[in-house]
Amino acid sequence: MTPSTTGGHSDWCSDGGAIGGWLTRIRQWLTAGVVEDGRWQATPTGTPPGGVLSRLRANIDLHVRDRGWEERQAGVGRLSRYADDFVVVCRTRQQVAEAREIIGRILEWLQLTRHPDKTRLVGMADEGCDCLGFHLHKQPSKRARRLVPYAWPSGQAMRGVRATIRQQTERCRLRVALVELVQGLNRVIRGGWNYFRVGHSTTQLADLDRSVRLRLWRFLRKRQGPRGHLRPEGDAAWLRRSGLERFYPTGRGHIQPCMP
């Protein structure tokens with residue numbers, strides 16, 4: 001957010017109207033208020049959790065801490081941050097204690113507080129930790145013959161994806177055109193694949209593929225009614241023609257949806 005300068009003049013000055021417009025929008029967002037239990041409440045200070053500007057403000061506030069950490073405390077541990085979520089990986093318990101003390105002082109100076117439930121001290125080789133939808137864990141590697149870091153979708157993330165799949169295939173949507181139903185599921189599938197493909201997520205993504213196909217099987221059975229003649233082989237043929245995508249498109253193509 002610091003304006004760069006060239007020849008003694010700020011780059012922001014060349015487009016003052018655009019900057020003024022953005023500042024006006026930011027001010028409107030900050031003073032828009034929040035709705036809780038159907039009642040509007042003013043927000044004279046701060047940004048609501050999950051609001052439009054919460055991540056922007058987190059980047060502005062915590063940028064100071066990140067710069068200070070890189071310049072003076074990089075030897076204590078490695079800090080990784082996205083918006084207001086961050087993880088510090090240290091080699092020893094002494095470094096962990098030092099990191100907590102340093103971060104506490106910096107956040108107090110910034111007038112920020114740590115979330116009491118999300119701030120935890122964990123062993124990466126014991127229980128691991130969840131961050132940004134991933135579960136981070138160190139496990140033995142047969143190839144490297146040592147502990148190496150792995151990442152796969154967290155339990156909460158898997159439950160969230162399955163809940164979205166259930167919403168797409170609820171009984172109240174039985175009259176939805178199958179083409180529209182598949183298009184909605186494909187959006188969920190593409191989003192999950194593009195996000196979790198960077199981790200070691202083969203098993204979890206294959207399980208989600210089974211969930212989608214099992215939900216579709218039950219959906220089609222309900223759609224046909226008690227007199228329907230749908231069979232697993234007929235459903236498999238329809239799935240091949242439907243254009244339904246996969247959470248794990250490469251490999252494991254032999255995995256069946258485990259239909260009843």
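This section reports on the structure supplied with the text. Everything numeric here is computed off the predicted structure, so don't read it as measured data.

Bringing the sheet that holds strand β8 (residues 134-141) into the picture now. Reading across the sheet, the 3 strands line up as β7-β8-β9 and stay open at both edges, with antiparallel pairing between neighbours. Only two strands of the sheet have a single partner each, and these edge strands are β7 (129-131) and β9 (146-153). Neighbour-to-neighbour, the strand axes of the sheet open up by a mean angle of 35 degrees, direction not taken into account. Judged from the 3 bridges that link them, β7 and β8 form a sheet pairing that is antiparallel. For C131, the partnering residue across the bridge sits in β8 and is F134.

Here the focus is the packing of aromatic side chains. Following the criterion strictly, the structure yields 4 aromatic pairs and no others. Geometrically, the ring pair formed by W193 and Y248 is edge-to-face, given 6.4 Å between the ring centres and 65 degrees between the ring planes. In this pair, W193 sits in helix α5 (residues 178-196) while Y248 sits in the segment after α7 (232-242), placing the two residues 55 residues apart along the sequence. For the pair shown, W193 and Y248 are each scored as buried. Feature note: the residues F134, Y195 and F196 constitute an aromatic cluster, connected by ring pairs. A cation over an aromatic ring shows up here: R65 above the ring of F86, its NZ or CZ 4.1 Å from the ring centre.

Note on soluble globular proteins: their nonpolar side chains tend to be buried together. L185, L205, V212, L216, L244 and F247 are the most contacted members of the largest nonpolar core, which totals 25 residues. Elements with a minimum of two residues in this core: α4 (155-168), α5, α6 (202-224) and α7. Element by element, the count of residues in this core is highest for α5, at 7 residues. With residues near it in sequence (within four places) discarded, L244 still touches V182, L185, N186, I189, V212, R213, L216 and L239. V76, I106, L107 and L110 belong to the second largest nonpolar core, which has 10 residues in total.

Remark: the principal bend of helix α2 (residues 54-73), roughly 40 degrees, maps to L62. In this fold, the buried residues of α2 make contact with β5 (78-82), β6 (85-89) and α3 (93-109).

On the surface, W22, W29 and V52 cluster together into a nonpolar patch covering about 360 Å² of accessible area. Tracing the chain through its elements places W22 in helix α1 (residues 16-30). Relative accessible area serves as the criterion here: at 49%, W22 is assigned to the partly exposed category.

Note that P48 resides in the loop between β4 (39-41) and α2. In this structure, the C-alpha to C-alpha distance between P48 and V34, residues 14 residues apart in sequence, is 7.3 Å. Apart from the residues within four sequence positions on either side, P48 is in contact with V34, T43 and S54.

In terms of strand pairing, β5 meets β6 through 5 bridges, oriented antiparallel. Across the sheet, R81 pairs through a bridge with F86, a residue of β6. Connecting β5 to the antiparallel partner β6 that follows it, the hairpin turn spans 2 residues, and A83 within it adopts a positive phi of roughly 55 degrees.

Conventions and cut-offs
Residues numbered from 1 in each chain as written. Predicted model: local features only at pLDDT ≥ 70, side-chain atom pairs only at ≥ 80, totals over all residues. Heavy atoms only, no water. Pairing = 2+ DSSP bridges. Helix = DSSP H or I, 4+ residues; strand = E, 2+ residues; numbered from the N terminus. Axes fitted to C-alpha atoms, helices over the stretch in contact; angles between N-to-C directions. Phe/Tyr/Trp six-rings, centres within 6.5 Å; stacked < 30°, edge-to-face > 60°. Buried < 20%, exposed > 50% of the residue type's maximum accessible area, 1.4 Å probe, protein only. Lys NZ or Arg CZ within 6 Å of the ring centre and 35° of its normal. Core = buried A, V, L, I, M, F, W, Y, C linked by side-chain atoms within 4.5 Å. Contact = heavy atoms within 4.5 Å. Bend = angle between axes of the 7 residues up to and from the residue. Patch = residues over 30% accessible without salt bridge, like charges linked within 9 Å, V, L, I, M, F, W, Y side chains within 5 Å. Areas by Shrake-Rupley, 256 points an atom, 1.4 Å probe, with all protein chains shown as cover. Salt bridge = Lys/Arg side-chain N within 4 Å of Asp/Glu carboxyl O.

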